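# Descriptive analysis of the structure
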Amino acid sequence: MLLLGLIAALTAWFYRDTVMAQATAGTAYGARVACSCRFVGGRNLKDCEKDFEPGMALVSLSEDEGEKSVTASVPLLASQTATYREGYGCVLEKWDE
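Let me begin by describing the structure that accompanies this report. Quick caveat: nothing in here was measured; it's all calculated off a predicted structure.

What counts and what doesn't
- Throughout, residues of each chain are indexed from 1 in the direction in which the sequence is written.
- Thresholds applied to this predicted model are a pLDDT of at least 70 for local features of residues and 80 or more for the giving and counting of side-chain atom pairs; totals over whole chains, interfaces and linings are not thresholded and use all residues.
- To obtain the side-chain values, all non-hydrogen atoms of the structure were included, while hydrogens and water were left out.
- Pairs of strands are assigned from DSSP output, requiring at least two bridges between the strands.
- A run of DSSP states H or I qualifies as a helix once it reaches four residues; a run of E qualifies as a strand once it reaches two. Both are numbered from the N-terminal end.
- For helices, the fitted line uses only the C-alpha atoms of the stretch in contact; every axis is such a line through C-alpha atoms, and the angle between N-to-C directions lies from 0 to 180 degrees.
- Should any heavy atoms of two residues lie within 4.5 Å, those residues are counted as being in contact.
- Nine residue types can take part in a nonpolar core, namely buried Ala, Val, Leu, Ile, Met, Phe, Trp, Tyr and Cys, and a core is a set of them joined through side-chain atoms within 4.5 Å.
- Using a 1.4 Å probe on the protein chains alone, a residue whose accessible area is under 20% of its type maximum counts as buried, one over 50% counts as exposed, and one in between counts as partly exposed.
- Count a disulfide wherever a pair of cysteine sulfur atoms falls within 2.5 Å.

### Some details on the sheet that holds strand 3 (residues 78-85)
With antiparallel pairing, four strands are arranged side by side in an open sheet as 1-2-3-4. Strand pairing shows two members of the sheet lacking a second neighbour, strand 1 (60-64) and strand 4 (89-92), which therefore form its edges. For this sheet the average axis-to-axis angle between neighbouring strands, irrespective of direction, equals 25°. Note that strand 2 (residues 69-74) and strand 3 share six bridges and pair antiparallel. By the bridge assignment, serine 73 is partnered in strand 3 with serine 79. Of the strands in this sheet, strand 1, strand 2, strand 3 and strand 4 touch helix 2 (residues 16-40), which is tilted by about 30° from strand 3.

Encoded structure:
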């Protein structure tokens, strides 16, 4: 059992950059698509999840109605926010690389 845990930990460490990049890309895509769906299309946030690509089951959404923004997150890995701006649509907030 200890050996299995060690193998899993080494595998996770080896693929950490790939996993983080995919989580960041997935949350950025999810935030942008869901923000447009919600604040441009006028649909409710739960309905916007239908627009996700296959494989995005770990991405969860939350909205801030007052700020007109949607945040997409993958627990413990990544989180991105898109905000609706008049004349521009939904724009991703700047993040640190």
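### So, the environment of proline 75
When you line up the elements, proline 75 lands in the loop between strand 2 and strand 3. With 14 residues separating them along the chain, proline 75 and leucine 61 place their C-alpha atoms 11 Å apart.

### As for the nonpolar core
Ranked by internal contacts, the top residues of the largest apolar core, which has 16 residues, are Ala34, Cys35, Val59, Leu61 and Val70. Residue assignment for this core shows that the elements contributing at least two residues are helix 2, helix 3 (45-48) and strand 2. Looking at this core, the element that brings in the most residues is helix 2, giving five residues. Setting aside its immediate chain neighbours within four residues, alanine 34 contacts Leu45, Cys48, Leu61 and Val70.

### Things to note about the state of the cysteines
Taken as a whole and assessed by the stated rule, the structure comprises two disulfides. Cysteine 35 shares a disulfide with cysteine 90; S-S distance 2.1 Å. A torsion of -75° about the S-S bond marks the disulfide between cysteine 35 and cysteine 90 as left-handed. Remark: cysteine 90 occurs in strand 4 and cysteine 35 occurs in helix 2; sequence separation between them is 55 residues. Here cysteine 37 pairs with cysteine 48 through a disulfide, and the sulfurs are 2.1 Å apart. Residues cysteine 37 and cysteine 48 share a disulfide whose torsion about the S-S bond is about -85°; that sign makes it left-handed. You can see cysteine 37 sitting in helix 2 and its partner cysteine 48 sitting in helix 3, a full 11 residues away along the chain. Classification of cysteine 37 as buried rests on a relative accessible area of 6%. The exposure class of cysteine 48 is buried, given its relative accessible area of 0%. Looking at the protein, its bonded cysteines, counted consecutively from the start of the sequence, adopt the pairing 1-4, 2-3.

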